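# Structure at a glance
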Amino acid sequence: MTIDWLLVAASLGIGIVVGLTGMGGGALMTPVLVLLFGVPPLTAVSSDLVAAAVMKPVGSAVHLRRGTVNLALVKWLCVGSVPMACLGVVAVKLLGDDAAIQHTVQVALGVALLIAAFGLAFRAYTRLLERARRRDGRAEPLPQERPEVTIRRLPTILVGAVGGLVVGMTSVGSGSLIIIALMALYPALRASQLVGTDLVQAVPLVAAAAVAHVFFGDFHLALTASLLIGCVPGAWLGARLSSRAPGGLIRRVLAFVLLASALKLLGLGTTATGVALLASILVAPTAWMVVRRANGFPALARSQRRAKARAAFELGDERQTAPR
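Nothing here was measured: the structure is a model prediction, and the numbers come from that model.

Spacing of three or four residues puts side chains on the same side of an α-helix, whose turn is 3.6 residues. For helix H6 (residues 153-170), spanning 18 residues, the distance from its first C-alpha to its last is 26 Å, which sits close to the expected 26 Å at 1.5 Å a residue. Listed as buried for H6 are Thr-156, Val-159, Gly-160, Ala-161, Gly-163, Gly-164, Val-167, Gly-168, Met-169 and Thr-170. Of the residues one or two after H6, Ser-171 is the one with positive phi, at around 70°.

Let us look at the packing of H6 against helix H7 (residues 178-185). It is at 10 Å that the axes of H6 and H7 come closest, and there the two elements cross at 165°. As judged from the angle between their axes, H6 and H7 are roughly antiparallel. For the pair H6 and H7, the sense of crossing is right-handed. Counting all contacts with H6, which are made through Pro-155, Thr-156, Val-159 and Gly-163, the residues of H7 involved are Ile-178, Ala-181 and Leu-185. Split into classes, the residues belonging to the contact of H6 with H7 amount to five nonpolar, two polar and no charged.

Turning our eyes to something else, we now look at a nonpolar patch on the surface. A cluster of nonpolar side chains, namely Val-253, Phe-256, Val-257, Leu-278, Ile-281, Leu-282 and Val-283, defines an oily patch on the protein surface of about 610 Å² accessible area. Elements with a contribution of two residues or more to the nonpolar patch: helix H10 (247-265) and helix H11 (270-294). The element that contributes the greatest number of residues to the nonpolar patch is H11, accounting for four residues.

Another point: the confidence of the model for the protein. On average, residues of the protein score 78 in pLDDT, and 79% of them reach the 70 mark or higher. Here helix H12 (residues 301-321) stands out as the least confident element of the protein, with mean pLDDT 56; helix H4 (residues 71-93) is the most confident, with 90.

Moving on to the environment of Thr-197. Mapped onto the fold, Thr-197 is located in helix H8 (residues 191-216). On the basis of relative accessible area, Thr-197 is assigned to the buried category, the value being 0%. For Thr-197, the contacting residues outside a window of four places in its chain are Thr-68, Val-69, Asn-70, Leu-73 and Val-74.

So, how was this worked out
Residues numbered from 1 in each chain as written. Predicted model: local features only at pLDDT ≥ 70, side-chain atom pairs only at ≥ 80, totals over all residues. Heavy atoms only, no water. Helix = DSSP H or I, 4+ residues; strand = E, 2+ residues; numbered from the N terminus. Expected span 1.5 Å × (residues − 1). Buried < 20%, exposed > 50% of the residue type's maximum accessible area, 1.4 Å probe, protein only. Axes fitted to C-alpha atoms, helices over the stretch in contact; angles between N-to-C directions. Parallel < 35°, antiparallel > 145°, perpendicular 65-115°, else oblique. Left-handed = near helix turned anticlockwise from the far one by under 90°. Contact = heavy atoms within 4.5 Å. Nonpolar A, V, L, I, M, F, W, Y, C, P; charged D, E, K, R; others polar. Patch = residues over 30% accessible without salt bridge, like charges linked within 9 Å, V, L, I, M, F, W, Y side chains within 5 Å. Areas by Shrake-Rupley, 256 points an atom, 1.4 Å probe, with all protein chains shown as cover. Salt bridge = Lys/Arg side-chain N within 4 Å of Asp/Glu carboxyl O. pLDDT = per-residue confidence, 0-100.

Right, here's the structure in full:
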């Protein structure tokens, strides 16, 4: 078994991003394997899923210990996702000859990455709206204890089924797609519960898809070993750094990488991809500043942070000079 140390270095960087953001494992790893290392799409999906099946339980155990997991929600998500993940793998194998399979997986992966990129933008927008509503008193304050939610079984199973099918075919969606649907279905859940529930439900989902790919896909042991050597310590390091790094900047970079990968996987030429990415760099920040201003926030987040720091400093100064 030969270890590709360049691939180890790449997977280390991707693991750090996953540890920092909680997202982007399959959404980054698979296109990197396909676009930079020339790995066939089906092989990339198979090996990435097996590597993810090893990484997912680590973070899940942390959330289970902290009590930030809705196990009833996990159960109904898995009812839909686990069998559909296996079906997604079988569906890819039934689509045709090797060339057709690889092309189908590549296109499906490109579409999934586009959805994931726009999903990141949607998450940022909904969080901004929630902050504005709480600031203006139009929303109830965050609950201090774990909120009780009523499980909507059929929609939850459908979310799991769609997510499982996409994960089985592309390895993308266990973190970036399903959590967005959970936000829409269960707005009462706190952010930590959303992440914890999504991470725990992804364990059986990714494991089922990984097992199916071992039997029906194109699993390569040496490739998967190279991924694990890099991404496991990378994810640990990213988790250690997550409290210090600016999450907003990381999510923007992740969305940009997802968009670039999606456009290339969908067959856009280099010039067209470059124009689209340049347009996103020019338009997206301006649009986001307009959205922030429309909701009563400073155009630049760092201006808001400086204002808070100045207010905290002035408050502390007043307390020190106040007569006793």
